[in-house]
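These are the residues of each chain, in order.
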Amino acid sequence: MKDLDITEVARRSGVPASTLRFYEEKGLIASIGRRGLRRLFEPGVLERLALIALGRAAGFSLDEIALMFAPDGRPRIDRRMLEAKAEELDRKIRELSAMRDGLRHAAACPAPSHMECPTFRRIVRAAASGAMSARRKRAFYSFE
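Calculation rules
Residues numbered from 1 in each chain as written. Predicted model: local features only at pLDDT ≥ 70, side-chain atom pairs only at ≥ 80, totals over all residues. Heavy atoms only, no water. Pairing = 2+ DSSP bridges. Helix = DSSP H or I, 4+ residues; strand = E, 2+ residues; numbered from the N terminus. Core = buried A, V, L, I, M, F, W, Y, C linked by side-chain atoms within 4.5 Å. Buried < 20%, exposed > 50% of the residue type's maximum accessible area, 1.4 Å probe, protein only. Contact = heavy atoms within 4.5 Å. Arc of directions from axis to C-beta. Polar contact = N/O pair within 3.5 Å; in protein donor to acceptor, adjacent residues only side chain to side chain.

Caption draft 1: Broad picture of the pairing of strand E3 (residues 38–41). Two strands pair when backbone bridges link them, and strand E1 (residues 4–5) and E3 are joined in this way by two bridges, in the antiparallel orientation. The partner of Leu4 across the bridge, within E3, is Phe41. Both strand E2 (residues 33–35) and E3 contribute to a ladder of three bridges, which runs antiparallel. Within E3, the position partnered with Arg35 by the bridge is Arg38. Linking E2 back to E3 in an antiparallel pair, the connection comprises two residues, with Gly36 at a positive phi of about 70°.

Caption draft 2: How the structure looks around the nonpolar core. In this structure, Val9, Leu20, Tyr23, Ile29, Leu49, Ile52 and Ile65 are the most contacted members of the largest nonpolar core, which totals 19 residues. Not counting the four nearest positions on each side in its chain, Ile52 is found in contact with Tyr23, Leu28, Ile29, Leu62, Ile65 and Phe69.

Caption draft 3: Local environment of helix H1 (residues 6–13). Considered for burial, the residues of H1 that qualify are Ile6, Val9 and Ala10. What you see down the axis of H1 is that its buried residues fit within an arc of 100°, all on one side. Considering only its buried residues, H1 is in contact with E1, helix H2 (17–26), E3 and helix H3 (45–57). Looking at where H1 begins, the residue whose side-chain oxygen comes 3.0 Å from the main-chain nitrogen of Thr7 is Asp5.

Here it is in structure tokens:
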């Protein structure tokens with residue numbers, strides 16, 4: 001496959017040219033030259049962009065993603081970093097599940113007003129404290 005100009009990379013990857021230029025500035029991708037005013041990239045940039053997209057979807061920052069590539073551009077993914085991100089996602093899933101359950105309870109609660117519902121009042125107190133740990137949130141949001 002021949003080298004791709006920035007327009008072709010943008011079309012094939014779905015990543016806007018402005019983002020490609022930003023990624024290049026951050027060192028995530030590298031152009032290999034120019035054709036006129038357009039940057040040129042090796043075809044392998046498409047796979048690299050797919051890996052960047054996967055990292056972004058998983059919640060990694062661009063700086064964290066940059067660490068996942070060796071100086072020669074090959075992927076060098078730290079398994080401990082992946083495990084830590086998986087744990088972070090598990091915590092977020094628990095928090096979002098608790099919030100979902102709280103919203104469903106509030107929507108279906110038979111109390112005349114939400115402020116008369118003990119469960120809803122616990123949720124309000126939990127939200128007001130703001131500094132609660134995930135464990136305490138789960139206790140507040142528990143409807144069993």
